[in-house]
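Listed here are the chains, written in short residue letters.
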Amino acid sequence: SDLDLLRQFEPVIRYTQGEMFFPCAVDGFLAQCSLWQKDAHDRITQLIDFGEVTPERLAEYDLRSPRSELFLRFTEEPLDPADYQKWLVSENHPPFQSAGRLARVGIVGRLAESLFDFSLLLRGRVPGGTTGRAALQYRDILAEDPRYVYYGRVLRDSGYVILHYLFFYVMNDWRSSFHGVNDHESDWEQIFVYLSEKDGEHTPEWVAFAAHDFSGDDLRRRWDDPELDKVDDSHVVVYAAAGSHAAYIEPGEYLMHAEPTILQPVKRFLKPVREFFAESLNTTGIDTPPSLTNAPLFSLAFVDYARGDGRAIGPGQTFTWSPELLSDELPWVGTYHGLWGLDTQDPFGGERAPAGPKFDRDGTVRHSWVDPLGWSGLDKVPAPDRLIPETKVTIALLEEDIEQTESEIAEKRATLRMNGLTVQALMSAANLDKQRELATTELAEAEKVLKDLNSNYAELQEKKRLLDAYLDRLEHGEKDDPQAHLRNRAVPETTQPKMARAMDFWAAASGALLVIAIVLLVSFRPQHWPLWIAMFILLFGFVEAALRSKATTYLLTTTIILAVIGVIALTISYWRWVIPAILIGIFLYSLLSNFRELMSRRPRT
């Protein structure tokens, strides 16, 4: 049965110490919610009071007026500041410890985080007291229903048997509990396991799950990927990030990176500069991997803690799953289009509650729901039992293209030769300039057509050669690199940083102090104020480097940069002399090279 299949390959989820919210049944959550409607004029009306929401009543309110939106609300009021502080130190609030977060990134990343925090004052915001209230209500839910629940469904498509696991959390407390990006009521996460079937036996081939800033092929891993942890080779181990519940395949701590599209030209310009400093000058003192010079422009001080050192749920663990089958027939799945928590109307979406398992916030069906193969990029990867037959079909079609291209080449070559003979005949004829010009143009066009056909023919032959070799490997049971499809990988920090206390204090204060200094200098404009700004930036950079034990590298790099700027400034100021001198030097070098070549060609006696 579908339930048996889900149980046979259900995942193990490992959480981080300090996590407060775990997957639960939606019934207890709905029983504590209220339902609200926002109309086209942003007027908010309560439709169902707290404690009176049921799945059936949700379905009754699905017929909405145009441009109106529905949303649930889990917490009626957040804890007031005093009660929130008491809750933070109570036994109901599990402890969480981590190394200095701000000190892990540079000053640019810390400034970006400060601007982000300020933006929360200008848009929808979920106060920390909401997390405290949600935790207390979640405790009441567990008192009634202590199960750890996932919702599952089984699909069959293109030779795959697809196991879809969905996990519901009453709260995402990434920001208030773990200094992350956002908080919002409720959270839906999902994991897919893709099986092949032969003679009634099912074999896991791929696993995919959602993670920050990844899509398509990067969402999935092959079952034999060496980085994939498994229990009894049937249950994949997933490391859930604290608060955000994002899924990772390796335990660790993951820094968030920022790379705005508008800064892509800057990155392309800086890449050779990075390579020059990191490799040519070897300012790092070690061999620099290629990934370093292609790294994101800067990292933010937001961390996804996916350590796996907390509670573990799944087969072979202390806590186990209680699965429930999911279908469109459930009213909160197939009918309710609204949000599953407070709608803060955050224009960036991060603080708004998510929609349900089937629908997006705009009411459309989720890509992962309707097309789980395309969502993870597997729609272009045949199922194992179809791989060899489809490869043979592809080779046969390619052979047809090759045969057709050979025929076209023969036809176009005949046309080309006819045009060539015509041009040759017209070359010796008088008073036929117009015909000769037309024939020459036709000859050039025919040559280009034939050249393109030959290039295409060579490409087809190379594709066939590669496919033949690939088919041979398949027939001998060989497999490709399990990570060959990946373009981007989430990589945790190799070691947890242990910064000195001074570095932690500096990281907390330096960004604000630098901005204050620059604002004061720009506002009052003392004599040579641009020079003062540059000096402050250099000074702050030196202190940062010194606290990270990189003062020597910083001084060397700064000296080289200043030297380059000096050369550019001198060139601009004295271009009348510099440019001629450069040109004379180039031509003198060319002259010497020419005479050296000339002398080397003298006959030997």
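What counts and what doesn't
Residues numbered from 1 in each chain as written. Predicted model: local features only at pLDDT ≥ 70, side-chain atom pairs only at ≥ 80, totals over all residues. Heavy atoms only, no water. Helix = DSSP H or I, 4+ residues; strand = E, 2+ residues; numbered from the N terminus. Rg over C-alpha atoms; globule rule 2.2 N^0.38 Å. Buried < 20%, exposed > 50% of the residue type's maximum accessible area, 1.4 Å probe, protein only. Contact = heavy atoms within 4.5 Å. Axes fitted to C-alpha atoms, helices over the stretch in contact; angles between N-to-C directions. Parallel < 35°, antiparallel > 145°, perpendicular 65-115°, else oblique. Nonpolar A, V, L, I, M, F, W, Y, C, P; charged D, E, K, R; others polar. Salt bridge = Lys/Arg side-chain N within 4 Å of Asp/Glu carboxyl O. Core = buried A, V, L, I, M, F, W, Y, C linked by side-chain atoms within 4.5 Å. Pairing = 2+ DSSP bridges. Expected span 1.5 Å × (residues − 1). Disulfide = S-S within 2.5 Å.

S.K.: Hey, could you run me through the overall build of the chain in this one?
M.R.: Per the secondary structure count, the chain includes 18 helices and 16 strands. For 605 residues, the compact-globule formula gives about 25 Å, and the C-alpha radius of gyration of the chain, at 33 Å, lies well above that figure. With the principal axes as the frame, the chain shows a C-alpha extent of 105 × 80 × 55 Å. Out of the 605 residues in the chain, the part that is buried amounts to 41%. In the chain, the share of contacts with a sequence separation of at least 24, taken over all contacts with a separation of at least 6, comes to 71%.

S.K.: Even after reading the chapter, I still don't get the packing of helix α15 (residues 501-524) against helix α16 (residues 529-547), so can you show me in this structure?
M.R.: Between two packed helices, the angle of one axis relative to the other and the distance separating the axes together describe the packing. Packing of α15 against α16 leaves a shortest axis separation of 10 Å and a crossing angle of 175°. Viewed along their axes, α15 and α16 adopt a mutual orientation that is roughly antiparallel. Contacts between α15 and α16 involve Ala 502, Met 503, Trp 506, Ser 510, Leu 513, Leu 514, Ala 517, Ile 518, Leu 521 and Val 522 from the former and Trp 529, Trp 532, Ile 533, Phe 536, Ile 537, Phe 540, Val 543, Glu 544 and Leu 547 from the latter. Here the residues of the contact of α15 with α16 sort into 17 nonpolar, 1 polar and 1 charged.

S.K.: So what exactly am I meant to see when it comes to the pattern of salt bridges here?
M.R.: Where side chains of opposite charge bring their charged atoms close, a pairing between them can arise. Within this structure, the stated rule accounts for 31 salt bridges. Here Asp 343 ties to Arg 352 by a salt bridge, and the two come within 2.8 Å at their closest N and O atoms. For the pair formed by Asp 343 and Arg 352, the shared burial category is buried. Note that Glu 544 and Arg 548 form a salt bridge whose closest N and O atoms lie 3.1 Å from each other. The exposure class of Glu 544 is buried, given its relative accessible area of 9%. The class of Arg 548 is partly exposed, set by a relative accessible area of 22%. Through salt bridges that share partners, Arg 104, Glu 253, Arg 307, Asp 309 and Glu 493 make up one connected network.

S.K.: What exactly am I supposed to notice about the nonpolar core here?
M.R.: Across soluble globular proteins, nonpolar side chains have a tendency to be buried as a group. Counting 64 residues, the largest nonpolar core has Leu 72, Leu 163, Val 170 and Trp 340 as its most contacted members. Sort the elements by how many residues they give to this core and strand β6 (residues 160-172) lands first, with 9 residues. In terms of nonpolar packing, the next biggest core, distinct from the first, is built from 21 residues, Val 12, Tyr 248, Leu 255 and Ala 306 among them.

S.K.: I keep staring at the sheet that holds strand β3 (residues 44-48) and nothing clicks. Help me out?
M.R.: Strand pairing in a sheet relies on backbone hydrogen bonds, with the paired strands running either antiparallel or parallel. Strand order in the open sheet made by the 3 strands is β3-β2-β4, with antiparallel pairing throughout. Because the sheet does not close on itself, it has two edges, and the strands there are β3 and β4 (69-73). On average, each strand axis in the sheet is inclined to that of its neighbour by 30°, with strand direction left out of account. Both strand β2 (residues 34-38) and β3 contribute to a ladder of 4 bridges, which runs antiparallel. Each bridged residue has a counterpart across the sheet, and for Trp 36 the counterpart in β3 is Gln 46.

S.K.: Could you clarify how one ought to interpret the environment of Ala 246 in this entry?
M.R.: Here Ala 246 is to be found in the loop between β11 (235-240) and β12 (247-248). Taking the relative accessible area as the measure of exposure, Ala 246 reaches 4% and is therefore buried. Sequence-wise, Ala 246 and Thr 557 are 311 residues apart; in three dimensions their C-alpha atoms are separated by 38 Å.

S.K.: Explain α15 here, please?
M.R.: One turn of the α-helix equals 3.6 residues, which is why residues spaced by three or four share an orientation. With 24 residues, α15 extends 34 Å between its outermost C-alpha atoms, agreeing within 8% with the 34 Å of an ideal straight helix rising 1.5 Å per residue. Those residues of α15 that sit buried are Met 503, Trp 506, Ala 507, Ser 510, Gly 511, Leu 514, Ala 517 and Leu 521. Where α15 is buried, its residues meet α5 (107-119) and α16. Of the residues flanking the end of α15, it is Arg 525, one or two places downstream, whose phi is positive at about 45°.

S.K.: Where do I start with the sheet that holds strand β16 (residues 321-325) in this structure?
M.R.: What the 6 strands build is an open sheet, ordered β9-β8-β7-β6-β5-β16; its pairing is mixed. Each edge of the open sheet is held by one strand with a lone partner, namely β9 (220-222) and β16. On average, adjacent strands in this sheet sit at an angle of 30° to one another, irrespective of strand direction. Across 7 bridges, strand β5 (residues 148-157) lies against β6 in antiparallel orientation. What sits directly across from Leu 155, in β6, is Ile 162.

S.K.: Looking at this structure, how should I read unusual backbone geometry?
M.R.: Apart from glycine, the bulk of residues carry a negative phi angle, and the bulk of peptide bonds sit in the trans form. Its identity is not glycine, yet Ser 186 carries a phi of approximately 65°, on the positive side. With respect to the helices and strands, Ser 186 occurs in strand β7 (residues 184-198). Judged by relative accessible area, Ser 186 falls into the buried class, the value being 0%.

S.K.: Help me understand the environment of Leu 120, please; the structure alone is not making it clear to me.
M.R.: Following the sequence through the fold, Leu 120 ends up in the loop between α5 and α6 (128-144). Accessibility expressed as a relative area gives 3% for Leu 120, which makes it buried. Discounting residues that sit within four places of it in the chain, Leu 120 has contacts with Arg 125, Arg 175 and Glu 351.

S.K.: Would you take a moment to explain the state of the cysteines for this structure?
M.R.: Disulfides are covalent bonds that link the sulfur atoms of two cysteine residues. Tallied over the entire structure, the rule returns 0 disulfides. A disulfide-free cysteine, Cys 24 has its sulfur positioned 10 Å from the sulfur of Cys 33, the nearest such atom.

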